[in-house]
Amino acid sequence: MTFSGIIAPRWLVYGIIIIGLLALVACGAAAPEPAPAAPSGGSSASAQPAAPAQPAAPAEQAQPSQPSQPSQPSQPAQAAQPEPQATVSAEVGQGAIGAQAKEATPTPAPAPAAESMEVAEPAITRLEVARGPTTWDLIDPVAGRGDLPILLPLFEGLVQFDQFTDSVPMLSPEWSTKEDFSVWTFQLRDDVQFHYGWGNMSAKDVEHTLFQERRQDHNDSRAGTWRDLLKEVVMPEGPDGHVVELHLNKPEPIMTTYVSTNYTAVIRSKDHWDAGGGELSAEFEPNETGIQLTANEPIGTGPYRFAEHAESQYVIYDAPEFTHWRKTPDFPELKIHFVREPTTQLAMLSVGEVHAAEIPRDLQPSALRVGMKVITGTTPAIRLVGFMGGNFIPSRPEFDDTQPMTNPLVRQAMNMAIDRDEINEVFFSGRAELMMQTHSHVKFPGWQPEWLDRFEAEYGYNPDRARELLAEAGYPEGFEITHQSYPRPGLPEMQDIGELVNSYWQEIGIKSNFQPVERAVNTKLLRSQGTHNTAWLHTGSFTEPTRAIFVYHYSPTGAARFENPYFDTQYEALEIAGTLEDRDQLIREMGEYCFDSHCSIPLFWVPFEFMVNPEYIAEWLTPGVFGVRDFEYIKAAN
């Protein structure tokens, strides 16, 4: 872009555009309200190698015959039907537990629905998307676990967390389990290819993946879970067969969730690892070659393959060299930009530099005025919750019961200081759903309807009562804390919400020092048990409660947000519970304990919203879990 022949720098162009857009909203008629839109019908900095090296000789593995036309699982998104509501199936959570599998009967895959060969020719070849920065800037399921949507374009799991539920077949068309949930058998598809000529997926790749999930350098606490849980992987048909049996050290009724894309147990190529010199010890310690291999040359089976990555700037994917077994995307190329400032994302969307962006709700009217469209996720995807530090298990040497936030009266006061109605209206236009405590939702096991009736008295906005509670706790003049805030994918308003919460605490006498930080800073404090006098907000995903309880409350993880011997005992009972009824009761009891002790700062289940240019994107069905994802299911505008 030029002004009178003078080249204008990008920041100046964006600044002028933003000022103009905001002026449109400030002047004249009121901007249209960004109602949830139910789907209806770069930089040149040095990048890493454009693509992983292909094998010199692809290991004498027959390539599957190309199907006459691509196919995809029969999902609600593919059939003519009423517009989906922004919610999930009533079977969420129970589906993950596997009610059918309880009787050791196979769970069949939905019959694939043939994709129409009349695919609309997209107006563009490369889809460009802007979103916030990634937590771990690596396209690697081990080192890059912090950001699921960055991995899913090129990887697939045995089970898919799809647009509407959390447990549908993917690379495994059917599965079964023993009565006591100690052995799970997964059938594998026999027509799935790895990218860049690395052959067909088979049982050995599943075994290899589950070894990778147990690596000591894994950035996710699930690695410890896998090391404790998995006894061995048995391959009844041999390494090149298409059946695997997971033999466990203890019963696990929600195994389909553990092997789903939502838990990033995504399948990786053993041949690629072996040929590249990767090694893994019996203690799951990788060699440096293996670490670099998985970080820099990701090989998956997804509808997109890895092409290029520029650190902190972007990642590019393109179409694989074969017709994909599940879904051929309308857009053969995908570029995801990492952009911290929402106003910059807005400007990029407005000038056509990107075609979709995570625009905060307060900026959406500006984009609506220039013809953009709001897309709302199909589930209440984002778990927005706060935590109060120092609540370690008493046996830890770091535990200090003289710290204010270890007092339940203080925790209740901090909750009652927050005007949740105002937050919901200001940031979510009243569309967020009130959360009762860290891990419960009406769609999940363990829900307690009485919480709805009791919430106002225990957590409702009442600053006068909050001050009284502080005085009862021994802090009539308040106390000082640090309030950390860090960006999270899918919620660009995160920092602004944190600042408002900070002001509420100031009003009741808590001298709160607000500190915007990177998430790694907070994570380091958690792992070192250094969160005394520190509070923070966090977002998690919409998924079965067991995982949330493990992450937030189980002390052996070493980074739980609120630890207590009660949670440890109950969670360990949950791990070996053999019936759905027992699990439901244990989860409910833990929810009651959290609710009554004010163990956290429950805020909202937030529907994910982002904006697209309808000139290029006609429909995008996605749950919004962890942010923009399901790129292969985007329908291009004609």
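Residues numbered from 1 in each chain as written. Predicted model: local features only at pLDDT ≥ 70, side-chain atom pairs only at ≥ 80, totals over all residues. Heavy atoms only, no water.

Asker: Which residues make up the overall build of the chain, and what values go with them?
Answerer: Of regular secondary structure, the chain possesses 19 helices and 25 strands. Scored against the burial criterion, the 638 residues of the chain give a buried share of 59%. Here the chain displays about 23400 Å² of accessible surface, and carbon together with sulfur accounts for 52% of that area. (Helix = DSSP H or I, 4+ residues; strand = E, 2+ residues; numbered from the N terminus. Buried < 20%, exposed > 50% of the residue type's maximum accessible area, 1.4 Å probe, protein only. Areas by Shrake-Rupley, 256 points an atom, 1.4 Å probe, with all protein chains shown as cover.)

Asker: Can you lay out the sheet that holds strand 18 (residues 433-434) for me, pointing to particular residues and giving the numbers?
Answerer: The mixed open sheet is built from six strands, whose spatial order is 18-22-17-21-19-20. At either end of the open sheet lies a strand with only one pairing partner, and these are strand 18 and strand 20 (511-516). Here strand 19 (residues 480-485) runs beside strand 20; their pairing, made up of six bridges, is parallel. Paired with His483 across the strands is Phe514, a residue of strand 20. Helix-sheet contacts for helix 11 (residues 408-416) involve strand 17 (382-388), strand 19, strand 21 (534-541) and strand 22 (601-606), and the interaxial angle to strand 17 is about 135 degrees. (Pairing = 2+ DSSP bridges. Contact = heavy atoms within 4.5 Å. Axes fitted to C-alpha atoms, helices over the stretch in contact; angles between N-to-C directions.)

Asker: An account of the packing of aromatic side chains is needed here, citing residue identities and associated values.
Answerer: Scanning the entire structure with this criterion turns up 28 aromatic pairs. Seen in terms of ring centroids, Trp175 and Phe186 are 6.2 Å apart; in terms of plane orientation they differ by 45 degrees. Their pairing is tilted. Of the two residues, Trp175 is situated in strand 8 (residues 175-177) and Phe186 in strand 9 (residues 183-187); the sequence distance between them amounts to 11 residues. We classify Trp175 as buried; its relative accessible area is 3%. The exposure class assigned to Phe186 is buried, which follows from its relative accessible area of 0%. A ring pair is formed by Trp620 and Phe631, whose centres lie 5.7 Å apart and whose planes are at 55 degrees; its orientation type is tilted. You can see Trp620 sitting in the loop between strand 24 (617-619) and strand 25 (635-636) and its partner Phe631 sitting in the loop between strand 24 and strand 25, a full 11 residues away along the chain. On the accessibility criterion, Phe631 (2% relative accessible area) is buried. Feature note: the residues Trp447, Trp451, Phe455, Tyr459 and Phe595 constitute an aromatic cluster, connected by ring pairs. One residue, Arg214, lies across the ring of Phe211, its end atom 4.7 Å from the ring centre. Above the face of the Tyr314 ring, Lys335 is positioned so that its terminal group lies 4.3 Å from the ring centre. (Phe/Tyr/Trp six-rings, centres within 6.5 Å; stacked < 30°, edge-to-face > 60°. Lys NZ or Arg CZ within 6 Å of the ring centre and 35° of its normal.)

Asker: So what about unusual backbone geometry? Which residues, and what values?
Answerer: If a residue is not glycine, its phi is most likely negative; likewise, a peptide bond is most likely trans. Even without glycine at this site, Asn533 takes up a positive phi of about 55 degrees. If you trace the backbone, Asn533 turns up in the loop between helix 16 (519-527) and strand 21. Not every positive phi belongs to a glycine, and Asp630 is a case in point at roughly 60 degrees. Turning to its location among the elements, Asp630 is positioned in the loop between strand 24 and strand 25.

Asker: Run through the nonpolar core, naming residues and quoting values.
Answerer: Within the largest apolar cluster, 71 residues are counted, with the highest numbers of intra-cluster contacts made by Tyr317, Ile423, Phe428, Trp505 and Trp620. For this core, the leading source of residues is helix 15 (residues 494-507), giving six residues. In contact with Trp505, other than residues within four places in its own chain, are Met414, Ala417, Ile418, Ile481, His483, Ile510, Ser512, Ala535 and Ile601. Val233, Val259, Phe387 and Ala577 belong to the second largest nonpolar core, which has 60 residues in total. (Core = buried A, V, L, I, M, F, W, Y, C linked by side-chain atoms within 4.5 Å.)

Asker: How would you sum up the state of the cysteines? Please name residues and give values.
Answerer: Across all of its chains, the model carries one disulfide by this definition. What pairs with Cys594 in a disulfide is Cys599, and their sulfur atoms sit 2.0 Å apart. The chirality of the disulfide connecting Cys594 with Cys599 is left-handed, given an S-S dihedral of about -55 degrees. (Disulfide = S-S within 2.5 Å.)

Asker: How would you summarise the packing of helix 12 (residues 420-428) against helix 15 if you had to cite specific residues and measurements?
Answerer: Two elements in contact, helix 12 and helix 15, have axes whose closest approach is 11 Å; the angle formed by their N-to-C orientations is 155 degrees. One way to sum up the angle between helix 12 and helix 15 is to call them roughly antiparallel. Considering only the axes of helix 12 and helix 15, their crossing is right-handed. Touching Glu422, Ile423, Phe427 and Phe428 of helix 12 are Asp496, Ile497, Leu500, Val501 and Tyr504, all from helix 15. Its residues assigned to classes, the contact of helix 12 with helix 15 shows seven nonpolar, no polar and two charged. (Parallel < 35°, antiparallel > 145°, perpendicular 65-115°, else oblique. Left-handed = near helix turned anticlockwise from the far one by under 90°. Nonpolar A, V, L, I, M, F, W, Y, C, P; charged D, E, K, R; others polar.)

Asker: Can you break down the packing of helix 11 against helix 13 (residues 450-459) residue by residue, with the values?
Answerer: Where helix 11 meets helix 13, the axes come as close as 9 Å, and the angle between the chain directions of the two elements is 100 degrees. Considered as vectors, helix 11 and helix 13 are oriented roughly perpendicular to each other. Judged by residue contacts, Gln412, Asn415 and Met416 of helix 11 engage Ala457, Glu458 and Tyr459 from helix 13.

Asker: So what's going on with the pairing of strand 16 (residues 373-376)? Residues and values would help.
Answerer: Side chains Lys373 and Ile375 of strand 16 all project onto a buried face; the interleaved residues Val374 and Thr376 project onto the opposite face, where all are buried too. Taken together, the four bridges between strand 16 and strand 23 (residues 609-612) define a ladder with antiparallel strand orientation. Note on strand 23: the bridge partner recorded for Ile375 is Phe610.

Asker: Describe in detail the sheet that holds strand 10 (residues 230-234), supporting the description with residues and values.
Answerer: One open sheet accounts for four strands, arranged 8-9-11-10; its pairing is antiparallel. One side of each edge strand has no neighbouring strand; the edge strands of this open sheet are strand 8 and strand 10. Each adjacent strand pair in this sheet contributes to an overall mean axis angle of 15 degrees, direction not counted. Set on the sheet, helix 4 (residues 203-212) makes contact with strand 10 and strand 11 (243-248); between it and strand 11 the angle comes to about 30 degrees. Relative to strand 10, helix 5 (residues 222-229) is tilted by about 75 degrees, and along the sheet it contacts strand 10 and strand 11.

Asker: Got a sec to walk through the pattern of salt bridges? Specific residues and values, please.
Answerer: All told, the structure shown has 24 salt bridges when counted by the stated rule. Here Arg454 makes a salt bridge to Asp596, at a shortest N to O gap of 2.5 Å. Taken as a pair, Arg454 in helix 13 and Asp596 in helix 19 (residues 580-597) lie far apart in primary sequence, 142 residues in all. Taking the shortest distance from any N to any O, the salt bridge between Asp584 and Arg588 comes out at 2.7 Å. With Asp584 and Arg588 both in helix 19, this residue pair falls four residues apart, about one helical turn. A single burial state applies to Asp584 and to Arg588, both of which are buried. The structure contains a network of salt bridges with shared partners spanning Arg361, Arg431, Glu493 and Glu609. (Salt bridge = Lys/Arg side-chain N within 4 Å of Asp/Glu carboxyl O.)

Asker: Describe helix 12, listing the residues and the values that go with them.
Answerer: Among all positions in helix 12, only Arg420, Ile423, Asn424, Phe427 and Phe428 are buried. Along the axis of helix 12, the buried positions cluster into a sector of 100 degrees, meaning they face one direction only. Along helix 12, exposed side chains directed more than 90 degrees from the buried face belong to Asp421 and Glu425. Packed against the buried residues of helix 12 are strand 17, helix 11, strand 18, helix 13, helix 15 and strand 22. (Arc of directions from axis to C-beta.)

Asker: For the side chain of His441, give the residues involved together with the corresponding values.
Answerer: On the secondary structure map, His441 appears in the loop between strand 18 and helix 13. A distance of 3.0 Å separates a polar atom in the side chain of His441 from a polar atom in the side chain of Glu433. His441 has contacts with Pro380, Glu433, Trp447, Phe542 and Trp605, leaving out every residue within four places of it along the chain. (Polar contact = N/O pair within 3.5 Å; in protein donor to acceptor, adjacent residues only side chain to side chain.)

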